[in-house]
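# Secondary and tertiary structure notes
Spelled out from the first residue to the last, the chains are:
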Amino acid sequence: MSNFGFTIKKTRSFNLSQADLRMANRLLEEVPSYRKCIGCGGCAATCSARQFTDFDIRKVHNTFRRGQYDKLADELRKCMLCGKCTLVCPRGVNLRSLIINMRQLLTPSNETF
Amino acid sequence: MANFHPFVVPFVLGTIGLFVICGYKYVRWIKQFDRKQQALIRKNMFSTKILPAIWEMFCECLLHLRISKKNWRLGYMHRSIAFGWFLLIVVGAIESRIGIKGPFHFWCAIFYRFFHHNIPANGTEMFFTQLMDLILLYVLSGIFLAMLKKIHSRILGMKRTTKHTIMDTTVKISLWAIFPLRLLSESVTARLYANGGFLTQSIGDLFSRPVAEFLELPLWSLYSIALCVFFLMMPFTRYMHIFTEVFLIYFRKLGLRDSVKMTGYTKYELSACSRCGMCIDRCPLYNTLDINDVQSVYLLRNLRNLEHHQDILAAGKNCLMCHQCAEDCPVNIDLMSIRRISRDKGDTDMADNYRYLDPVKGFNAIGRVAYFGGCMTQLTPTISESMKTIFDAAGVKYWHLDGDRAICCGRPLMQQGFNKQAADLRRKITELIGSCNATALVTSCPICYNTFKHEYNLTIPVYHHTEYIDSLIKSGKLSVKQSDTTFTFHDPCDLGRGCGIYDQPRAVLKAVGQLKKVSAEKENSVCCGMNLGNTVLSLEQQTKLRDASLKVLTEPNPDVVVTACPMCKKAFRHGTEVNVKDIAEVVAEEIKK
Ligand code: SF4
Ligand code: SF4
Ligand code: SF4
Ligand code: SF4
Ligand code: SF4
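Below is a summary of the structure that appears in this document.

Rules used in this analysis
Residues numbered from 1 in each chain as written. Chains lettered and ligands numbered in written order. Predicted model: local features only at pLDDT ≥ 70, side-chain atom pairs only at ≥ 80, totals over all residues. Helix = DSSP H or I, 4+ residues; strand = E, 2+ residues; numbered from the N terminus. Contact = placed C-beta atoms within 7 Å. Nonpolar A, V, L, I, M, F, W, Y, C, P; charged D, E, K, R; others polar. Buried ≥ 20, exposed ≤ 12 C-beta atoms within 10 Å, placed from the backbone. Near = placed C-beta within 6 Å. Pairing = 2+ DSSP bridges.

This paragraph deals with the overall build of chain B. Along chain B, the regular secondary structure elements total 28 helices and eight strands. Overall size of chain B, expressed as C-alpha extent along the three principal axes, is 95 × 55 × 45 Å. Expressed as a percentage of contacts within chain B between residues at least 6 apart in sequence, the contacts between residues at least 24 apart total 74%.

Shown next as structure tokens:
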């Protein structure tokens, strides 16, 4: 088989009707541009962190959006917040804002004020 | 009691209150200094650094020279009130020491003319009387301008004045009342005892004797009350800046700086802000997007009062960190650090998040220059290719440190308040650079450059590529041709205002072509809107900011708009018909073969 430089992911399944979408909906409120995401994966393809480790930002925001929050907090910490993903996104999704908001929803920080 | 009258009581109480409250606050803040700041104070408290501090206090707290440099009318207004009032106190103290007979109390200096009536028409005392009238006139001219500014800020060359709270407005009215009341009281007394100078005597003579007799006590009492109100409200309002700036200048000269968390030093900075509003006028968010509640003056006020928790968080988020306000602040408050403090995310997440960088081994680059393009340069590969062409042409051996794998310098994390994480990242990069034995670090991204310069302690010199190319041309290692192409240059925020690099890119562009001036450049260059400091602006808003910046750059009809940051280049490229290039690309095209 010819090598196209990418692999096809295993299919995952979960029950959307049992998913808790509260945080996902909050995320959409905070970052309205995310509604325009088409899941193209451009963000993950350019990602700096991904050049070193298996971190897939598209997978992270996609699963978050579907209410599957398991292990995402740890995954998200790999991001360096460099912003390349925001710059390449063809739909103008503000990914840096998306990432910060996901981090804050998953691990609310103790702001000093 | 001689030389006493009940009307002085409000003034005396006000003065005592003022010193007690200020003293309490200042001591409390000093206790909140962090260890590093305390150590610096102990080390430098009585060193020679005090002398320049005193000089700066004189120039800034009294003469307001920095404001004058930016806007002479505003400078005159501040100077006449501050320096004039200072002179009134000092000269008044001398005058009353000479004149007062009998017991001397400190209020005698303030209400001198009420307690001292016989002034010989010639001699020292009359000289002081005339001098005091002149100084009072000087202060009044400033108060008059302040009133004009409230009515119409453009008269004083400002687009907008700060929106004040009720407290701030009340205390301002009491300040404005002090000097006209002093004028009237002294005038009325002059009518009765002929002890006035050219100003007070002429105004006093307009009153009839019975009217003057009737008004004398009420006017002196009102003057005393106005002083009392002002003194008691001062520590809780923006006028706290009058004393606080003195301390801030002292601490700054001792070497104290903001930390990443709120410290006592930050508290001094917050209170040293006079809410003059000079940070509003050139803020791109205000100028282009009409957003008028996030500017530094409001952030500082909210942080100081700590009453609008949500406002602080919201205002803290929406800012480009373009350094413009920090550049314009006449008190030199470190506004970018305070913005970061307001975004501090706390220390909940203590794990080392970037363990995946550990196995990244340095290349042995002895005798070579390490070239760090920066993440964004990965998205604009022509910049790094041009740099390689330049290195080769100049015979410089280099190692492209982040060619296929980009490590972020950590600034974006830091700007968003993830301080612990940014520190982890910095440690990894320091190790990596330390292990490769390179002779210097050259970067193409101003954001990285600013970070390497100010947040890292690297043992090798760091250059931005504009600086580096400039030195290559100056030393003759790189020969370039001068073409007829015309350029305008955009000063990226982090390179210009952030690091003070203005001359090198201009020298380079003059060597390879014709550089045209633009209307807002160097310190006043307009942010391209893509600054990583902001995460909340929408794409439409960023586009508007970009267009405002491009309007300035394309005005003189250049052949090429040149920038020195991959981010600005990306921002501009789709916004104009004019060619947009990075300075490295321009130079690479003009190398003499
Ligand atoms: S690049 Fe943009 S549109 Fe594509 S998956 Fe990422 S966020 Fe969605
Ligand atoms: S910001 Fe994070 S997710 Fe986006 S490219 Fe950089 S490392 Fe990857
Ligand atoms: S931050 Fe500086 S420029 Fe802004 S209001 Fe305060 S003193 Fe003025
Ligand atoms: S840094 Fe720039 S955007 Fe932020 S408040 Fe200051 S001038 Fe405005
Ligand atoms: S500072 Fe910004 S542009 Fe520079 S390397 Fe880091 S993320 Fe990239």
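Time to look at the interface of chain A and chain B. With 25 residues of chain A at the contact, the number on the chain B side is 32 residues. A class-by-class count of the residues in the side of chain A that touches chain B yields eight nonpolar, 12 polar and five charged.

All names here are of chain B. Burial runs high along helix α23 (residues 446-454): seven of the nine residues are buried. Considered for burial, the residues of α23 that qualify are Pro-446, Ile-447, Cys-448, Tyr-449, Asn-450, Thr-451 and Phe-452. On its buried face, α23 sits against β1 (369-372), α21 (411-415), β3 (440-443) and β4 (462-464).

Once that is clear, we can look at the site of ligand 2. Residues and elements named next belong to chain A. Taken together, 15 residues surround ligand 2, and among them Cys-47, Ala-49, Cys-79, Cys-82 and Cys-85 come closest. Taken together, the elements giving at least two residues each to the shell around ligand 2 come down to α5 (84-88) and α6 (95-106). With three residues, α6 is the single largest residue contributor to the shell around ligand 2. Among the residues making up the shell around ligand 2, the classes are represented as 10 nonpolar, three polar and two charged.

What follows covers the site of ligand 3. All names here are of chain B. In the vicinity of ligand 3 there are 14 residues, among which Cys-273, Cys-276, Cys-279, Val-297 and Cys-329 approach most closely. It is helix α15 (residues 296-305) that contributes the most residues to the shell around ligand 3, three residues altogether. When its residues are assigned to classes, the shell around ligand 3 shows nine nonpolar, three polar and two charged.

A few words on the pairing of strand β5 (residues 486-489) of chain B. Pairing between β5(B) and strand β6 (residues 514-515) of chain B: two bridges, direction parallel. In the sheet register, B:Phe487 faces β6(B), and the bridge partner there is B:Leu515.

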